[in-house]
Amino acid sequence: MKILHPQTNKQQDTKDAIITVVGLTRVYPVRPPVAGLKDVSFDIARGSFVAIMGRSGSGKSTLLHQLSLIDTPTGGTIHLGGVDITKLSDSDKSDFRLKHLGYVFQEYALIVELTALENVYLPAMMLGTEPKKYTKRAKELLTLVGLGERLDHYPSELSGGEQQRVAIARALINDPEILFADEPTANLDTVSSQTVLELFSKLNKELNQTIVMVTHEPDDKRYVDRTIVLSDGVMQ
Ligand SMILES: Nc1ncnc2c1ncn2[C@@H]1O[C@H](COP(=O)(O)OP(=O)(O)OP(=O)(O)O)[C@@H](O)[C@H]1O
Ligand SMILES: [Mg+2]
């Protein structure tokens, strides 16, 4: 399960595919069955910033959930950094998620009883990283997202945009190969949305961070290298 780190990987050809999807299908076993994704195939290059777009119900979240190991497809294969993740056991999947992937959700998903700093270092703590090391890194990341002065504040003491920036810092704590975001700006006002997208763009350009983001905002296209458009579970 060895895959390369984006920062140590800078010399590498960025055209390398970090995600390879072949014949991906997800049928939900409801009655009658619903095909959320139908035979989707594509590659995503390492170091790219990709948007997944399409109308409501077109399969955007379904696709993101398959790519990010939140859900299991009913057909097809997904390779992340050369690893066929559809073949991993449940415990290997949890391990893979924690070590290699970062997540940003629409609703922030911060733990309300923990401060910004504690929220950010939690995934590193779960990996067994040394406390001194993860505290330092968490402070650096909160500074990077512009919240260096708000380390000890609880989520309820932060605005929506600030909470989302804490969530981004948390997503980066274990140096993920891929950052996944599902409509990260859907709950934010225009200014906070712009801040989040500019931050993603900076992470992508300066740290070569691979980012896959679901969005329904046509304007977001200007921040990304590439758009994958879905319609009724099919890639356009
Ligand atoms: N757990 C589920 N059980 C049954 N059907 C589902 C389930 N999750 C999603 N679907 C169906 O799969 C299709 C794709 O849903 P998905 O959530 O991926 O859409 P989306 O593009 O993310 O939409 P939105 O923009 O509204 O978030 C829809 O028809 C939806 O009703
Ligand atoms: Mg969705």
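Since the structure is predicted, the reported quantities are computational estimates derived from the model, not experimental observations.

Engineer: What's the story with the overall build of the chain in this structure? I'm lost.
Structural biologist: The secondary structure content of the chain amounts to six helices and 10 strands. Scaling as 2.2 N^0.38, a compact globule of 236 residues should have a C-alpha radius of gyration of about 18 Å, and the chain matches this with 17 Å. By its C-alpha atoms, the chain is 50 × 40 × 35 Å across when sized along the principal axes. Taken across its 236 residues, the chain has 42% of its residues classed as buried. Residue pairs at least 24 apart in sequence account for 74% of intrachain contacts in the chain once pairs closer than 6 positions are excluded.

Engineer: What am I meant to see in helix H6 (residues 190–207) here?
Structural biologist: Side chains of residues three or four places apart in an α-helix project in the same direction, reflecting 3.6 residues per turn. Counted at 1.5 Å a residue, the expected span for H6 with its 18 residues is 26 Å, and the 25 Å between its end C-alpha atoms agrees. Considering only its buried residues, H6 is in contact with strand E3 (49–53), helix H5 (160–172) and strand E8 (210–214). The positive-phi residue at the C-terminal boundary of H6 is Asn208, with phi of around 60°.

Engineer: Sorry if this is basic, but what is going on with the sheet that holds strand E5 (residues 83–84) here?
Structural biologist: Strand pairing within a sheet occurs via backbone hydrogen bonds; the two strands may be parallel or antiparallel. With antiparallel pairing, the four strands of this open sheet are ordered in space as E2-E1-E4-E5. Edge positions in the sheet fall to strand E2 (34–45) and E5, since each has one partner strand and no second. Relative to E5, strand E4 (residues 75–80) is paired through two bridges, and the arrangement is antiparallel. Directly across from His79, in E5, lies its bridge partner Asp84.

Engineer: What is the right way to look at the site of ligand 1 in this model?
Structural biologist: Near ligand 1 lie 13 residues; those nearest to it are Tyr28, Gly36, Ser56, Ser61 and Thr62. Residue assignment for the shell around ligand 1 shows that the elements contributing at least two residues are E2 and helix H1 (60–67). Looking at which element gives the most residues to the shell around ligand 1, the answer is H1, with three residues. For the shell around ligand 1, the class distribution of residues is three nonpolar, nine polar and one charged.

Engineer: Would you take a moment to explain the sheet that holds strand E9 (residues 226–231) for this structure?
Structural biologist: Strands sit in the order E6-E7-E8-E3-E9-E10 across an open sheet of six strands; the sheet is mixed. In the strand order of this sheet, the two ends are held by strand E6 (101–105) and strand E10 (234–235), each with one partner. Its contacts with the sheet place H6 against E3 and E8, and it is angled at close to 150° to E8.

Engineer: Teacher, can you tell me more about the environment of Leu98 here?
Structural biologist: One can find Leu98 in helix H2 (residues 90–100). When the C-alpha positions of Leu98 and Ala138 are compared, they lie 16 Å apart, and in sequence the two are 40 residues distant. Apart from the residues within four sequence positions on either side, Leu98 is in contact with Pro123, Met126, Leu127 and Asn174.

Engineer: Mind showing me how you'd approach the confidence of the model for the chain here?
Structural biologist: Detail in the predicted coordinates should be disregarded across regions flagged by low pLDDT. Here the chain averages 94 in pLDDT, while 94% of its residues score no lower than 70. Note on residues 5–14: pLDDT under 50 across the span, and 15 contacts to partners over four residues away in sequence or across chains.

Engineer: Whenever I open this one, the pairing of strand E7 (residues 178–182) confuses me. Can you help?
Structural biologist: Side chains on a regular strand alternate between the two faces of the sheet. With five of its five residues buried, E7 lies for the most part within the structure. With five bridges connecting them, E6 and E7 associate as parallel partners. Of the residues in E7, the one forming a bridge with Phe105 is Asp182. This β-α-β element, E7 to H6 to E8, shows right-handed connectivity.

Engineer: Any chance you could explain the pairing of E3 here in plain terms?
Structural biologist: Within E3, five of the five residues are buried, which leaves it mostly tucked inside the rest of the structure. By the alternation rule, side chains of E3 split into Phe49, Ala51 and Met53 and Val50 and Ile52, which are all buried. For E3 and E8, the ladder comprises four bridges, and the chain directions are parallel. Paired with Phe49 across the two strands is Ile211, which belongs to E8.

Engineer: Before we go on, may I ask you to explain the packing of helix H3 (residues 116–126) against H5 in this structure?
Structural biologist: Angle between the axes and distance between the axes are the two parameters that describe a pair of packed helices. Relative to each other, H3 and H5 sit at 30°, their axes nearing to 7 Å. Regarding the angle of H3 to H5, the classification is roughly parallel. Handedness of the crossing formed by H3 with H5: right-handed. Residues Ala116, Asn119, Val120, Leu122 and Pro123 of H3 touch H5, and the partners they reach there are Val166, Ala169 and Arg170. Looking at the contact of H3 with H5 residue by residue, the class counts come to six nonpolar, one polar and one charged.

Calculation rules
- In this numbering scheme, every chain counts its residues from 1 along its sequence in written order.
- Here the convention is simple: chains get letters from A, ligands get numbers from 1, in the order in which they are written.
- Side-chain atom pairs in this predicted model are given and counted only at pLDDT of 80 or more, local residue features only at pLDDT of at least 70, and totals for whole chains, interfaces and linings cover all residues.
- We count a stretch as a helix when DSSP gives it H or I for four or more residues in a row; a strand needs E for two or more, and each element gets its number in order from the N terminus.
- Two things to know: the radius of gyration comes from C-alpha atoms, and the globule rule equals 2.2 Å times the number of residues to the power 0.38.
- With C-beta atoms placed from the backbone, a residue is labelled by how many other C-beta atoms lie within 10 Å of its own: buried for 20 or more, exposed for 12 or fewer, partly exposed between the two.
- A residue pair is marked as a contact if its C-beta atoms, positioned from the backbone, fall within 7 Å.
- In a helix, the anticipated span is given by 1.5 Å times the number of residues less one.
- Whether two strands pair depends on DSSP finding at least two bridges between them.
- Residues are classed as near a molecule or strand if the C-beta position derived from their backbone is within 6 Å of it.
- Gly counts as polar in this scheme, as do all residues outside two lists: the nonpolar Ala, Val, Leu, Ile, Met, Phe, Trp, Tyr, Cys and Pro, and the charged Asp, Glu, Lys and Arg.
- The axes used here are C-alpha line fits, helices contributing only the stretch in contact, and every angle between their N-to-C directions lies in the interval 0 to 180 degrees.
- pLDDT is defined as a per-residue confidence score from the predictor, taking values between 0 and 100.
- Consider the strands pointing away from the viewer: the crossover is right-handed when the path from the first strand over the helix to the second runs clockwise.
- Orientation categories follow fixed angle ranges, with anything under 35 degrees roughly parallel, anything over 145 roughly antiparallel, 65 to 115 roughly perpendicular, and all other angles oblique.
- Put simply, a crossing is left-handed when the front helix is turned counterclockwise from the back one by less than a right angle, and right-handed when it is turned clockwise.

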